[in-house]
Amino acid sequence: MHLTGLHHVTAITAQAAQNLAFYTQVLGLRLVKKSVNQDDISAYHLFYADALGSPGTDVTFFDWPHITPKRQGVGSVAEIALRLPDHQALLWWEQRLTKAAIPHQGIRQENGREILRFSDPDGQALALVNDDGAPDAGIPWERSPVPGTYAIRGLYGVRLLVRSLQPTAWILTEVMGFHQSGEFTPPDDPSSTVVVFETGRGGAGAQVEVQIAADLPPARQGWGGVHHVAFRTPDESEQARWQQRLLQAGLHVTRIIDRYYFKSIYFREPGGVLFEIATDGPGFTTDEDPDHLGERLALPPFLEPLRQQIELNLRPLPIEGLDPI
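Some remarks on the overall build of the protein
At step 1: When its secondary structure is counted, the protein shows five helices and 16 strands.
At step 2: In terms of overall dimensions, the protein has C-alpha extents of about 50 × 50 × 40 Å along its principal axes.
At step 3: Taking all 325 residues of the protein together, 54% fall into the buried category.
At step 4: Pairs at least 24 residues apart make up 68% of the contacts formed inside the protein by residues separated by at least 6 positions.
At step 5: As presented, the protein carries roughly 13500 Å² of accessible surface, and 51% of it is formed by carbon and sulfur atoms.
At step 6: A distance of 3 Å separates the average location of the 27 positive side-chain charges in the protein from that of its 39 negative side-chain charges.

Right, dumping it as structure tokens:
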């Protein structure tokens, strides 16, 4: 029983329209589902991914304009890393970000890989990483403003900030089946240490970095930060086995929740980060034609009776007419 990698990462935005423009017209991802937070139907839930919304390619956002900005600290996800196919793609993106006046750190070498760091309009920390043509990459969307040769190929990994390594490392290795694959000192913080863990085949799409930051205060959740990280399991049968394994390890785990596009369980790892284990299917084409994903407000069946009320309470969100850079 192994988790096969990252399923999705869900973050928070305070400005849904600007978020939509950035992730589709600047980063070139596809809006594969425009829905609402099933636990807060006043808020959009926007899903950006590859052409089909494949597991392992999703960056999703809750739109909560009235909360405070994040405070960086322990018990949080410090960075979302996204995959690029090669060095030429990184060079292209460096030029693209510069042209769009998006501040970035330039291409750097870190832990044996090439990386380009920047932030989205809310301040969410992002990184583009050369995956050297690793397998199981996402499918570029043919209508993206980014040429397929340079397209983002999905999630590469995430970096967690924790006060102490051991509790988080124990959950990852002894409970969730990860293995430690490396350790390095980040160039921008020589007093800190980052420990690398991998699951499944490892590498791109299956990596979690844990940075020890004992001197930071506890994080405060808000816009510009990550809400939770989800990991892949193939089906509900195996998900149920993970649920029992986590319970036996003494963790507080939710029931299996039907999110319609996948099923989920949630738990908080000891360092404070909210984890999810999500099934690969049934996927985003369950209720929309693949050619028209994300073009209308999609609601799971249990929310359909509330559609009129939900639509009246949501702010208008333009889809067409956004200008690519």
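Brief notes about the pattern of salt bridges
At step 1: What the rule picks out here adds up to 17 salt bridges.
At step 2: A salt bridge links Arg117 to Glu110; its shortest N-O distance comes to 2.9 Å. Comparing Arg117 with Glu110 shows no difference in burial state: the two are buried.
At step 3: Put simply, Glu79, Glu110, Arg113, Arg117, Arg159 and Glu209 are held in one network by salt bridges that share partners.

Description of the pairing of strand S12 (residues 207–212)
Along any regular strand the residues' side chains alternate between the sheet's two faces.
At step 1: The element S12 is largely enclosed, with a buried count of five among its six residues.
At step 2: With six bridges connecting them, strand S11 (residues 193–198) and S12 associate as antiparallel partners. If you follow Val195 over to S12, its bridge partner there is Val210.

Comments concerning the sheet that holds strand S10 (residues 179–184)
At step 1: Taken in spatial order, the eight strands line up as S6-S7-S8-S5-S9-S12-S11-S10 in an open sheet, and their pairing is mixed. With partners counted over all chains shown, the strands left at the sheet margins are strand S6 (104–110) and S10, one partner each. Adjacent strand axes in the sheet meet at a mean angle of 25° when their direction is disregarded.
At step 2: Relative to strand S8 (residues 125–130), strand S7 (residues 113–119) is paired through five bridges, and the arrangement is antiparallel. Its bridge partner lying in S8, Arg117 is registered against Ala127.

Comments concerning helix H2 (residues 87–99)
At step 1: Here H2 spans 19 Å end to end across 13 residues, near enough to the 18 Å set by a 1.5 Å rise per residue.
At step 2: Where H2 is concerned, the buried positions are Ala89, Leu90, Trp92, Trp93, Arg96 and Leu97. Along the axis of H2, the buried residues cluster in a sector spanning 160°; they form a single face. In H2, the exposed residues that point more than 90 degrees away from the buried face are Gln88, Gln95, Thr98 and Lys99.
At step 3: Contacts from the buried residues of H2 go to helix H1 (16–26), strand S5 (76–84), S6, S7 and S8.
At step 4: Where H2 starts, the residue carrying a side-chain oxygen 3.2 Å from the main-chain nitrogen of Gln88 turns out to be Asp86.
At step 5: One or two steps after H2, the chain reaches Ala101, where phi turns positive at roughly 60°.

Notes on the pairing of S6
At step 1: Judged from the five bridges that link them, S6 and S7 form a sheet pairing that is antiparallel. When the sheet's bridge partners are listed, Ile107 is paired in S7 with Leu116.
At step 2: Remark: two residues form the turn of the hairpin made by S6 and S7, two consecutive strands paired antiparallel; Asn111 in that turn has positive phi of roughly 55°.

Details of unusual backbone geometry
At step 1: Backbone torsion omega between Gly281 and Pro282 reads 10°, so that peptide bond is classified as cis.
At step 2: Relative to the elements of secondary structure, Pro282 occurs in the loop between strand S16 (274–279) and helix H5 (307–313).
At step 3: At Ala101, a position not held by glycine, the phi torsion is positive, near 60°.
At step 4: Although it is not a glycine, Tyr260 sits at a positive phi angle of roughly 75°.
At step 5: Within the fold, Tyr260 resides in the loop between strand S14 (257–258) and strand S15 (263–268).

Calculation rules
Throughout this description, residue numbers start from 1 for each chain and increase along the sequence as written. Local features in this predicted model are restricted to residues of pLDDT 70 or higher, and side-chain atom pairs are both shown and tallied only at a pLDDT of 80 or more, whereas totals for entire chains, interfaces and linings draw on every residue. The basis for every side-chain value is the complete set of non-hydrogen atoms in the structure, without hydrogens or water. Each helix is a run of H or I in the DSSP string that is no shorter than four residues. Each strand is a run of E no shorter than two, and both are numbered from the N terminus. Burial here depends on accessible area, computed with a 1.4 Å probe over protein chains only, as a share of the maximum for the residue type. Under 20% is buried, over 50% is exposed, and the range in between is partly exposed. When checking whether two residues touch, look at their non-hydrogen atoms; a contact exists if any pair is within 4.5 Å. Accessible areas in this description were obtained via Shrake-Rupley with a 1.4 Å probe; residue shielding takes into account the shown protein chains only. Residues scored as charged are limited to Lys and Arg (positive) and Asp and Glu (negative), so that His and the chain ends carry no count. For charged residues, the charge sits on one atom: NZ in Lys, CZ in Arg, CG in Asp, CD in Glu. We count a salt bridge whenever a side-chain nitrogen from Lys or Arg sits within 4 Å of a carboxyl oxygen from Asp or Glu. A pair of strands counts as paired when DSSP detects no fewer than two bridges linking them. Every axis in this analysis is a line fitted to C-alpha atoms, fitted for helices over the stretch in contact. Angles between the N-to-C directions lie between 0 and 180 degrees. Helix span, as expected, comes to 1.5 Å for every residue beyond the first. Picture the helix axis, draw a direction to every C-beta atom, and the arc is the one those directions span. Here a polar contact is recorded for every N or O atom pair within 3.5 Å, except that within protein the pair must consist of a potential hydrogen donor and a potential acceptor, and residues adjacent in sequence are included only if both atoms are side-chain atoms.

Read these as layout, nothing more, since geometry by itself doesn't imply function.
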